[in-house]
Every structure is written in C-alpha cells, then in structure tokens.
Amino acid sequence: MSAAPPLPDLTGSTYVVTGANSGIGLEAAKKLAGAGGKVVLAVRDVAKGEAAAAQIAGRTDVRRLDLADLASVHAFAGAWDEPITTLVNNAGIMMVAEGRTVDGFERQIGTNHLGHFALTNLLLPHITDRVVSVSSGLHNGPQVDLDNLDLEGAYKPTRAYQQSKLANLLFTAELQRRLTEAGSSVTAHAAHPGYSATNLQTHHANPLMNKLMWVGNKLVATSAEFGARPTVHAVVADLPPNSYIGPSGFQGLRGAPGPNPRSKQAQDAEVARRLWDLSEQRTAVSWGL
C-alpha cells in the first residue's frame, strides 16, 4: 500500500475531531497534528482520550463530549471560545443492539446523526473553513424513515446503521445549501473510509456477525491509517462544496482518496430539508447562523 502524500503546513489551524481516541479518528488526528495543526480530541472517555493524545506527535487537547447526551454536547459547545478551522464529525457506533440515548433517541441515529447535528449548529459561529462528516459506503439502502426515525417496532442493527450514515450525507447536503444561502465561506463535506479495520466492527448485536467481521478485518479490510486518508483529504484538499470523498479504486474500497458517488436517496433535497427540520425539533437546536 503506497504512502499517503504529505500534507500542507497546518500551523495556526485548529481541528476538532469527535471520537478521536481510536480508529480512523485517532489516525486522522495524528496526521493533522503531525502537519502542525492543533487537534482537539472530543471524546466520551477522557482517560482514553489522554492515552490517545500521548500517541500523537504535535499539539493536542482532550475534552469530554458524549454525543449520546445533548447536555454533554451543549456543555462542550458552551465552553468553546476560539476559532475552529474544521470540525470533523467522525465518532460513531455501528450495528449495536437496540437501545436509547440519554434523550430517548435510537442509539445509532442519536449518536451518529442527531448528536453531530446539534454539535455542528452550536459550534458553527466558531468554524472558519469547513465541516467534514464521516459517512459510509453502507449508506446505500432505504430512505431515512422520517415518520419513525427511531425505528420503533422495526429495529434492525444494520438498517439503523445504514439510516444513520445516509442521514450524515443528507445533513451535509442541507448544511451546504444553508451555508451558501447565508453567504458563508464555510463549506460542508462528507467522507467515507472504505472498509477499514477498526473497533467499530466488534459491537454488532449478533455475535456471529462479530466473528464474520473479525475475519473480514483480517482478510479484506485496509488499515485504520488508510481509512483515515479520505477524511484528511476532505479536511485539507481544495474541493467543491458538498464533496463526498472516499477511496477511488475498486468498489470504493481501495485507492487514493477522491470523489465518490452517492446513492439516489442521499441526493434527495426535499428529504434532506425535512430531516433537518425534524432534527431541529428532536434536538431543540436550530440553524447555527
């Protein structure tokens, strides 16, 4: 696997990366800090965040953020008082057993979408360059269920994950529409890692699936470092607004980072607007500008 290209000098830039204590978030943080940027690891477990920061050569800060608890999101944003070059909405959970966040949302839509929705809008007045949200090639499936966002009575771990990752892309598109309408120079982008070996694949509600994904990690998956490359590319490259970046090779799994196709569902502007309105209602957080 070829080495990643060098990054530009990021001295003077500040990056907030959610879920940066492991996997793709940690690898992205290493790359951004290694190029001179200050990286804030926004993590649920501060001790794990401190241990991760100790592995990073460069300027780091660790702050507590639990995306499954809107009070924690408000506390994080309320304590923020400096410019953010880029917010990287990276944290996520994958195909877990059915459960609820502190605020009563289905866990995957609550953590992967609604928590980041609230965080982005609360921090938006501080963001100077862009917002990058990490989606997945698995976003391609049924449209987001706007009438039953929590999949009450219809929960399946894979369906809930797919819906949350589709929501990330719909959110990115509507965020960019609003930024453009507001005359803001901030841009919104999405990225996906392809199939990379991280601890995300160890929490499936079905133990058999955990074993199958463990095998897949060993035989098929790329490294977390490789999986972080599209995210970092989305952070630093000169891109048109609302870009979706992933591996540009076979099936979006391998190759250098580049533009990737979205599903038809992810391009539905009307659903994106309705999801935004619903997200405002559910989180009680409104448009940040």
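In case you missed it, the structure is sitting above this.
For every chain, the first residue of the written sequence is number 1, and numbering continues from 1 along that sequence. Two thresholds apply to this predicted model, a pLDDT of at least 70 for residue-level local features and 80 or more for giving and counting side-chain atom pairs, whereas whole-chain, interface and lining totals are computed over all residues. Calculated side-chain values reflect all of the structure's heavy atoms, with hydrogen atoms and water omitted.

Undergrad: Would you mind going over the overall build of the chain in detail, with residue names and values included?
TA: Within the chain, the regular secondary structure consists of 8 helices and 8 strands. When accessible area is computed with a 1.4 Å probe and restricted to protein chains, residues below 20% of their type maximum are described as buried, those above 50% as exposed, and intermediate ones as partly exposed. Every one of the 289 residues in the chain was classed for burial, and the buried ones make up 56%. Contacts: residue pairs with any heavy atoms within 4.5 Å of one another. Of the contacts formed within the chain by residues at least 6 apart in sequence, a portion of 71% connects residues at least 24 apart. The method behind every accessible area is Shrake-Rupley, applied with a 1.4 Å probe, and residues are considered shielded solely by the protein chains displayed. For the chain, the computed accessible surface area is about 12000 Å², with 54% contributed by carbon and sulfur atoms. We count a stretch as a helix when DSSP gives it H or I for four or more residues in a row; a strand needs E for two or more, and each element gets its number in order from the N terminus.

Undergrad: Go over the pattern of salt bridges with me, naming the residues and quoting the values.
TA: Think of it this way: side chains of opposite charge can pair up when their charged atoms draw near. A pairing counts as a salt bridge when a side-chain nitrogen of Lys or Arg comes within 4 Å of a carboxyl oxygen of Asp or Glu. This model, assessed by the stated rule, comprises 14 salt bridges. With its nearest N and O atoms 3.9 Å apart, the salt bridge here joins Glu98 to Arg100. On the basis of relative accessible area, Glu98 is assigned to the partly exposed category, the value being 44%. The exposure class of Arg100 is partly exposed, given its relative accessible area of 32%. Here Glu181 ties to Arg177 by a salt bridge, and the two come within 3.5 Å at their closest N and O atoms. One end of the pair, Glu181, and the other, Arg177, are both in helix H5 (residues 157-181), 4 residues apart, so they sit about a helical turn from each other. For Glu181, a relative accessible area of 61% corresponds to the exposed category.

Undergrad: Can you break down helix H2 (residues 46-53) residue by residue, with the values?
TA: All of the buried residues along H2 are Gly49, Ala52 and Ala53. The arc that holds the buried residues of H2, viewed along the axis, is 100°, so those residues lie on one side. Across H2 from its buried face, at more than 90 degrees, point the exposed residues Ala47 and Lys48. On the buried face of H2, the contacting elements are helix H1 (23-34), strand S2 (38-43) and strand S3 (60-64). At the N-terminal end of H2, a side-chain oxygen is found 3.0 Å from the backbone nitrogen of Ala47, two or three residues along, and the residue is Asp45. The directions from the helix axis to the C-beta atoms form the arc being described. By the criterion applied in these results, polar contacts are pairs of N or O atoms within 3.5 Å in which, for protein atoms, one can donate a hydrogen and the other can accept it, and in which residues neighboring in sequence qualify only through two side-chain atoms.

Undergrad: So what's going on with the packing of aromatic side chains? Which residues, and what values?
TA: Working definition: rings of Phe, Tyr and Trp (its six-membered ring) pair if their centres are within 6.5 Å, and the pair is stacked with planes under 30 degrees apart, edge-to-face with planes over 60 apart, and tilted otherwise. Summed over all chains, the structure comprises 5 aromatic pairs. With 5.9 Å between their ring centres and 65° between their planes, Trp276 and Trp287 make a pair best called edge-to-face. Here Trp276, found in helix H8 (residues 269-283), pairs with Trp287, found in the segment after H8; they are 11 residues apart in sequence, far enough to count as distant. The exposure class assigned to Trp287 is partly exposed, which follows from its relative accessible area of 22%.

Undergrad: For the pairing of S2, give the residues involved together with the corresponding values.
TA: The element S2 is extensively covered by neighbouring structure, given that 6 of its 6 residues are classed as buried. Alternating positions in S2 separate into two faces, Lys38, Val40 and Ala42 on one and Val39, Leu41 and Val43 on the other, with burial throughout. Here the rule is simple: two strands pair whenever DSSP picks up at least two bridges between them. Taken together, the 5 bridges between strand S1 (residues 14-18) and S2 define a ladder with parallel strand orientation. The residue bridging Thr18 from the neighbouring strand is Ala42, located in S2. With the strands aimed away from the viewer, a crossover counts as right-handed if its path from the first strand over the helix to the second runs clockwise. The parallel pair S1 and S2, bridged by H1, forms a crossover whose chirality is right-handed. Pairing of S2 with S3, which is carried by 5 bridges, proceeds in the parallel orientation.

Undergrad: Go over the nonpolar core, please, and point to the residues and values.
TA: As used here, the term nonpolar core means buried Ala, Val, Leu, Ile, Met, Phe, Trp, Tyr and Cys residues forming a set that is joined through side-chain atoms within 4.5 Å. Judged by nonpolar contacts, the single largest core of 44 residues is most densely connected at Val16, Phe76, Leu119, Leu123, Ile127, Val144 and Leu175. When residues of this core are traced back to their parent elements, those giving at least two are S2, helix H3 (70-78), strand S4 (84-89), helix H4 (107-123), strand S5 (127-134), H5, strand S6 (187-191) and H8. It is H5 that contributes the most residues to this core, 7 residues altogether. Residues contacting Phe76, with those up to four places away along its chain left out, are Val16, Ala42, Arg63, Arg64, Leu65, Leu119 and Leu123.

Undergrad: With reference to specific residues and values, describe the layout of surface pockets.
TA: Taken as a whole, the second largest pocket encloses approximately 200 Å³ of empty space. Element by element, the count of residues in the lining of the second largest pocket is highest for helix H7 (residues 224-236), at 4 residues. Buriedness for pockets is judged along seven lines, at least five of which must meet protein on both sides within 12 Å for an open set on the 1 Å grid over protein atoms alone, while cavities are sets there where a 1.4 Å probe fits but cannot get out, and lining residues have an atom within 4 Å of a point. Grid points are joined across faces, edges and corners, and a volume is the space filled by probe spheres set on the points.

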